[in-house]
Amino acid sequence: MLVDAGAAVLCVLVFWLPVDRSLDGLVIALIVLVVGGLLTRSRWPVVAFGVVAAATLAGALLGVTRDPFVAAAWTLYPVAIAHGSAHMSRAMSVSLGLVVAALVLPGYARAEDIARYVIVSLLFLAGAWRLGEAVRRERVEAEHAARAEGARAVLAERLRVAREVHDVVSHSLGTIAVTAGVAAHVDGDNAEKLRRKLAQIERASKDALGDLRAVLGAVREPGEQAERSPQPGIADLPALLDGVRSTGIDVRLTMSGAAGIPAGTGLAVYRIAQEGLTNAARHAPGCSCEVTVTASSQTVTVEVIDDGGTLKASPAKGGFGLIGLRERVESLGGELTVGPREVNGFALRASLPYSERDG
């Protein structure tokens, strides 16, 4: 607003003063229209441009202004940012042509004055339009790039989650198959019926395991091998914190009721704590951090809170870890909230629903 006010004052002082005594009322009205349009260009750019351009054209035809549509170009710039397109470019060309036709009306001025005024006016207007179009195009491309990058991050996280599901569920089904295979060798009077049932379980679990590997195996990169080590969970949090402490962060862990959390939810809890601690180490070196895991009968809550640290972190580019983490939490039916605390530091909180029978 201050910039627009300064531009309005400058245009009036340079192009509209002094006021012709014979037309002082009309000239003052035109000046008010120009100033009003300049001050409202951010809120109503199209209307502001129309008002300023019409007032400037009227002043030029009356010979009371020397403004080569500078004020109109100032209001045209946000119009180009908001509505710049090939269709609008053609409309602007027609409008500028009409302005030129009006300015060459007989009796306006000498031919060389007309040509000079028209050329300068067209340069200001066309320059403002092209500049606004360039800014609009750059913003649109930046938005598209950001959305594409976010989509790639979400896709990568989905593939990672699918791989983890593959490993966890494959391990579970493999265990079922082995257990059923062992139980099938039980001897006794009632063992025959048991063996038939367990044989069905063994066959069904092996078929399910094969189908699961066939379907989810497609998400792996060519040549990528499945992880054979157990997936991390609640029990691995102390080891995770030990690794973080080696970076100079004072981190504490508090857990309540976490013993009955199933493996899949435990993996998500581990990843949430891992992401929160990674962000703390990256953006708040030397901080004190607290990880809290609280489980009820149906919900587990994970909080990672730091105090902001005392060291200055070097500037870092924005990452997509939180995007992937939000995708993981929401895919489990949970909620994730992140943001700065009212005092120093940053807080990450996730709430995940679960059922003990899922384990």
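Reading guide: rules and limits
Sequence order as written defines the numbering, with residues in each chain counted from 1. It should be noted that, the model being predicted, local features are given only for residues of pLDDT at least 70 and side-chain atom pairs only at 80 or more, the latter also being counted only at that level, while totals for whole chains, interfaces and linings use all residues. With hydrogens and water set aside, each side-chain value is computed from the structure's full complement of heavy atoms. If DSSP finds at least two bridges between two strands, the strands pair. Secondary structure is summarised from DSSP: a helix means a run of H or I of at least four residues, a strand means a run of E of at least two, and numbering begins at the N terminus for each. Here an axis means a line fitted to C-alpha atoms, over the contact stretch when the element is a helix, while the angle between two N-to-C directions is reported on a 0 to 180 degree scale. Residues are treated as being in contact if the distance between any of their heavy atoms lies within 4.5 Å. Two joining distances apply to patches: 9 Å for like charges and 5 Å for nonpolar side chains (Val, Leu, Ile, Met, Phe, Trp, Tyr), and every residue must have over 30% relative accessible area and no salt bridge. Exposure was quantified through the Shrake-Rupley algorithm and a 1.4 Å probe, taking into account, for residues, occlusion by the shown protein chains and nothing else. Definition used for salt bridges: Asp or Glu carboxyl oxygen within 4 Å of a side-chain nitrogen of Lys or Arg. Per-residue confidence from the predictor is reported as pLDDT, a score between 0 and 100. By the definition adopted for this analysis, an angle is roughly parallel if under 35 degrees, roughly antiparallel if over 145, roughly perpendicular if from 65 to 115, and oblique otherwise. A crossing counts as left-handed when the near helix is turned anticlockwise from the far one by less than a right angle, and as right-handed when that turn is clockwise. Using a 1.4 Å probe on the protein chains alone, a residue whose accessible area is under 20% of its type maximum counts as buried, one over 50% counts as exposed, and one in between counts as partly exposed. Sulfur atoms of two cysteines make up a disulfide when they are within 2.5 Å. Two rings belonging to Phe, Tyr or Trp (six-membered ring only in the last case) form a pair when the distance between their centres is within 6.5 Å. Interplanar angles under 30 degrees mark stacking, angles over 60 mark edge-to-face geometry, and anything in between is tilted. Counting as a charge over the ring demands two things of the Lys NZ or Arg CZ atom: a distance within 6 Å of the ring centre and an angle within 35 degrees of the ring normal.

### A closer look at the sheet that holds strand β3 (residues 299-306)
Here is step 1: With mixed pairing, the 5 strands of this open sheet are ordered in space as β1-β2-β3-β5-β4. Both edges of this open sheet fall to β1 (250-256) and β4 (335-340), since each of them pairs with a single strand only. Taking each pair of neighbouring strands and ignoring which way they run, the sheet shows an average axis angle of 10 degrees.
Here is step 2: Sheet topology note: the β1/strand β2 (residues 288-295) ladder contains 7 bridges and is parallel. In the sheet register, R252 faces β2, and the bridge partner there is E290.
Here is step 3: Most of the contacts of helix α8 (residues 237-245) go to β1, to which it runs at about 165 degrees, and overall it touches β1 and β2.
Here is step 4: Set on the sheet, helix α9 (residues 263-283) makes contact with β1, β2, β3 and β5 (346-353); between it and β3 the angle comes to about 10 degrees.

### Structural notes on the pairing of β5
Here is step 1: One ladder, built from 8 bridges, connects β3 with β5; its direction is antiparallel. Within the sheet, the bridge partner assigned to T301 lies in β5 and is S351.
Here is step 2: Across 6 bridges, β4 lies against β5 in antiparallel orientation. Paired with P340 across the bridge in β5 is F346.
Here is step 3: From the end of β4 to the start of β5, which pair antiparallel, there are 5 residues, and G345 there has a positive phi angle of about 110 degrees.

### Examining a nonpolar patch on the surface
Here is step 1: Judged by side-chain polarity, V9, L10, L13, V14 and L17 come together as a nonpolar surface patch covering roughly 430 Å² of accessible area.
Here is step 2: Position of V14 among the secondary structure elements: in helix α1 (residues 2-16).

### Section: the pairing of β3
Here is step 1: Two strands pair when backbone bridges link them, and β2 and β3 are joined in this way by 7 bridges, in the antiparallel orientation. When the bridges of β3 are listed, C289 appears paired with D306.
Here is step 2: Taken together, β2 and the strand that follows it, β3, pair antiparallel across an intervening segment of 3 residues.

### Looking at the confidence of the model for the chain
Here is step 1: On average, residues of the chain score 77 in pLDDT, and 70% of them are at 70 or above.
Here is step 2: The secondary structure element of the chain with the lowest average pLDDT is helix α5 (residues 86-103), at 61, and the one with the highest is β3, at 93.
Here is step 3: Note on residues 313-318: pLDDT under 50 across the span, and 4 contacts to partners over four residues away in sequence or across chains.

### With respect to the environment of R130
Here is step 1: Within the secondary structure layout, R130 lies in helix α6 (residues 111-183).
Here is step 2: Expressed as a C-alpha distance, the spacing of R130 and A80, which sit 50 residues apart in the sequence, is 7.6 Å.

### Quick notes on the side chain of D4
Here is step 1: Mapped onto the elements of the fold, D4 is located in helix α1.
Here is step 2: Discounting chain neighbours no more than four positions away, the residues touching D4 are L38, L39, R41, S42 and W74.

### Topic: the packing of helix α2 (residues 24-39) against helix α3 (residues 45-62)
Here is step 1: Packing of α2 against α3 brings their axes to within 8 Å, and their N-to-C directions diverge by 150 degrees. In terms of orientation, α2 lies roughly antiparallel with respect to α3. As α2 packs across α3, the resulting crossing turns out to be left-handed. Mapping the contact onto sequence places L26, L30, L33, V34, G37 and L38 in α2 and A48, V51, V52, A55, T56, A58, G59 and L62 in α3.

### Some thoughts on the side chain of T75
Here is step 1: Positionally, T75 belongs in helix α4 (residues 70-83).
Here is step 2: Owing to a relative accessible area of 0%, T75 belongs among the buried residues under this scheme.
Here is step 3: Apart from the residues lying within four places of it in its own chain, the contact partners of T75 are G37, L38, R41, P45, A48, F49 and V52.

### Notes on the state of the cysteines
Here is step 1: Counted according to the given criterion, the structure contains 0 disulfides.
Here is step 2: Free of any disulfide, C289 has its nearest cysteine sulfur in C287, 5.3 Å distant.
Here is step 3: Looking at C289, the relative accessible area reads 0%, which means it is buried.

### Examining the packing of aromatic side chains
Here is step 1: For the structure on display, the rule yields 0 aromatic pairs.
Here is step 2: Over the ring of W44 we find R43, and its NZ or CZ is 5.4 Å from the ring centre.

### Some words on the environment of D24
Here is step 1: On the secondary structure map, D24 appears in helix α2.
Here is step 2: For D24, a relative accessible area of 34% translates into the label partly exposed.
Here is step 3: Taking the C-alpha atoms as reference points, D24 and V64, 40 residues apart in sequence, are found 9.6 Å from one another.

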